[in-house]
Amino acid sequence: VGADGMRLGKEAMEALQAEIYGRLAPGNELVVAGAIGLEGTALIARQEYARLRKHFSESFLRECQGFWPTCLNEANTMQGANNLGQSWEPDAFSESGSVWETARAAGATALYAMNEGGFLSALWKMAEASQVGLEMDFGKVPIRQETIEICEVFDINPYRMRSGGALLIGMPAGEGLVHKLHRMGVMASVIGQTNTGNDRLLYYNGNARYLDRPIKDEIYKVIEKR
């Protein structure tokens, strides 16, 4: 459970469970496929280009804009697409896409496509829907340096930022899937595992804290200031 220790009501739980494909079981490994925060990075790089240009080169920002297809334009359609550590097959991370299907074929028992609220929202939703405890290491979560640097400019948390194009996966053993995804050109890592307890612990440099309920997406701290 999160730090507040509260459970969802029946209707809220059913609605949440409807968002998740399958369920986590105690002892599952947690895998992230795709770098987190790419969608938010691209949106900020596009909408705050003038401010970011004071900190970064034009080529850096164009690459960041290319992290998410809806942010591309005719001038930079393919820029940044070849060095992403990310699959650029259309809808590769959707339920009918190659990454999702690869995960299922490898034995995934739970999948969730990250979106609003980013990685930490996805982690809480999947754990709450499955009623499991977990331990997770931030140092293992796939994230690009560009995302970290842009978030630092605006003092926002990349782990709570919109993360379309990344999947959270639960399965009995995740390293085999990670290797398959790497061969497909997709960043992926085993980030932790579930357990039978109530605690959901996040580790960073050896220090632990509890996983909190989702809060408003960090990207609105940037967009709302416009």
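Visitor: What exactly am I supposed to notice about the environment of tryptophan 100 here?
Guide: Within the secondary structure, tryptophan 100 is located in helix 5 (residues 98-105). Judged by relative accessible area, which is 3%, tryptophan 100 ranks as buried. With 67 residues separating them along the chain, tryptophan 100 and leucine 167 place their C-alpha atoms 7.9 Å apart.

Visitor: Is there a simple way to explain the sheet that holds strand 3 (residues 110-113) in this structure?
Guide: Backbone-to-backbone hydrogen bonds pair the strands of a sheet. The strands run either parallel or antiparallel. On the basis of which strands lie adjacent, the open sheet formed by eight strands has the order 1-3-5-2-6-4-7-8 and mixed pairing. At either margin of the open sheet sits one strand with a lone partner, and together these are strand 1 (21-22) and strand 8 (207-210). Sheet topology note: the strand 2 (residues 29-33)/strand 6 (residues 188-195) ladder contains five bridges and is antiparallel. Looking across to strand 6, one finds that leucine 30 is bridged to glycine 192.

Visitor: Looking at this structure, how should I read the pairing of strand 7 (residues 200-204)?
Guide: Two faces, one strand: in a regular strand the side chains alternate between the faces of the sheet. Summarising the sheet, strand 4 (residues 133-137) and strand 7 pair through four bridges and their orientation is parallel. Counterpart to aspartate 137 in the pairing with strand 7 is tyrosine 203. Judged from the four bridges that link them, strand 7 and strand 8 form a sheet pairing that is antiparallel. From the neighbouring strand, leucine 201 faces strand 8, where its bridge partner is tyrosine 210. Turn length for the strand 7-strand 8 hairpin, with the two strands adjacent in sequence and antiparallel, is two residues, and the turn residue asparagine 205 shows positive phi of about 55°.

Visitor: Mind showing me how you'd approach the packing of aromatic side chains here?
Guide: Aromatic rings in a pair are described by how distant their centres are and how their planes are angled relative to each other. Using the criterion set out here, one finds five aromatic pairs in the structure. Ring geometry for phenylalanine 119 versus tyrosine 159: centroids 6.3 Å apart, planes at 65°, classification edge-to-face. Of this pair, phenylalanine 119 sits in helix 6 (residues 118-130) while tyrosine 159 sits in the loop between helix 7 (145-154) and strand 5 (167-171), placing them 40 residues apart in sequence. Taking the relative accessible area as the measure of exposure, phenylalanine 119 reaches 0% and is therefore buried. For the pair phenylalanine 138 and tyrosine 204, a centre-to-centre distance of 6.4 Å together with 75° between the ring planes defines the contact as edge-to-face. Of this pair, phenylalanine 138 sits in the loop between strand 4 and helix 7 while tyrosine 204 is found in strand 7, placing the two residues 66 residues apart along the sequence. Members of the aromatic cluster, each reached through a chain of ring pairs, are Phe119, Phe138, Tyr159 and Tyr204.

Visitor: Hey, could you run me through the packing of helix 2 (residues 38-47) against helix 4 (residues 58-65) in this one?
Guide: In a packed pair of helices, the relevant descriptors are the angle between the two axes and the axis-to-axis distance. One way to put it is that helix 2 packs onto helix 4 with a least axis distance of 7 Å and a crossing angle of 130°. For the element pair helix 2 / helix 4, the angle class is oblique. Here helix 2 runs over helix 4; the crossing is left-handed. Of the residues in helix 4, those touching helix 2 at Thr41, Ala42, Ala45 and Arg46 are Leu61, Cys64 and Gln65.

Visitor: Teacher, can you tell me more about the nonpolar core here?
Guide: Considering soluble globular proteins, one finds that nonpolar side chains tend to be buried as a cluster. Ranked by size, the top nonpolar core spans 29 residues in total, and within it Phe119, Leu123 and Met136 carry the most contacts. Counting residues per element, the ones that place at least two in this core are strand 2, strand 3, helix 6 and strand 4. Once you skip the residues sitting within four places of it in the chain, phenylalanine 119 turns out to touch Val32, Ile36, Met114, Met136, Phe138, Val141, Tyr159, Met161, Ser163 and Ile191. Ile44, Phe60, Val153 and Ile219 belong to the second largest nonpolar core, which has 20 residues in total.

Visitor: For this particular structure, what's the right way to read the pairing of strand 3?
Guide: One ladder, built from two bridges, connects strand 1 with strand 3; its direction is antiparallel. Counted as the bridge partner of glycine 22 is alanine 110 from strand 3. By the bridge criterion, four bridges tie strand 3 to strand 5 in an arrangement that is antiparallel. The residue of strand 5 that forms the bridge with tyrosine 112 is leucine 168.

Visitor: How should helix 2 be read in this particular structure?
Guide: Along an α-helix, residues three or four apart share an orientation, since each turn contains 3.6 residues. Of all 10 residues in helix 2, eight are buried, a share of seventy percent or more. If you check which residues of helix 2 are buried, you get Leu38, Glu39, Gly40, Thr41, Ala42, Leu43, Ile44 and Ala45. Buried-residue contacts for helix 2 involve helix 3 (49-52), helix 4, helix 7 and helix 9 (219-223).

Visitor: Teacher, can you tell me more about the confidence of the model for the protein chain here?
Guide: Low pLDDT means the predicted atomic positions in that stretch should not be read closely. Averaged over every residue, the pLDDT of the protein chain is 87; the share at 70 or more is 85%. This model gives residues 71-90 a pLDDT under 50, and the stretch forms 42 contacts once residues within four places in sequence are excluded.

How each quantity is defined
Residues numbered from 1 in each chain as written. Predicted model: local features only at pLDDT ≥ 70, side-chain atom pairs only at ≥ 80, totals over all residues. Heavy atoms only, no water. Helix = DSSP H or I, 4+ residues; strand = E, 2+ residues; numbered from the N terminus. Buried < 20%, exposed > 50% of the residue type's maximum accessible area, 1.4 Å probe, protein only. Pairing = 2+ DSSP bridges. Phe/Tyr/Trp six-rings, centres within 6.5 Å; stacked < 30°, edge-to-face > 60°. Axes fitted to C-alpha atoms, helices over the stretch in contact; angles between N-to-C directions. Parallel < 35°, antiparallel > 145°, perpendicular 65-115°, else oblique. Left-handed = near helix turned anticlockwise from the far one by under 90°. Contact = heavy atoms within 4.5 Å. Core = buried A, V, L, I, M, F, W, Y, C linked by side-chain atoms within 4.5 Å. pLDDT = per-residue confidence, 0-100.

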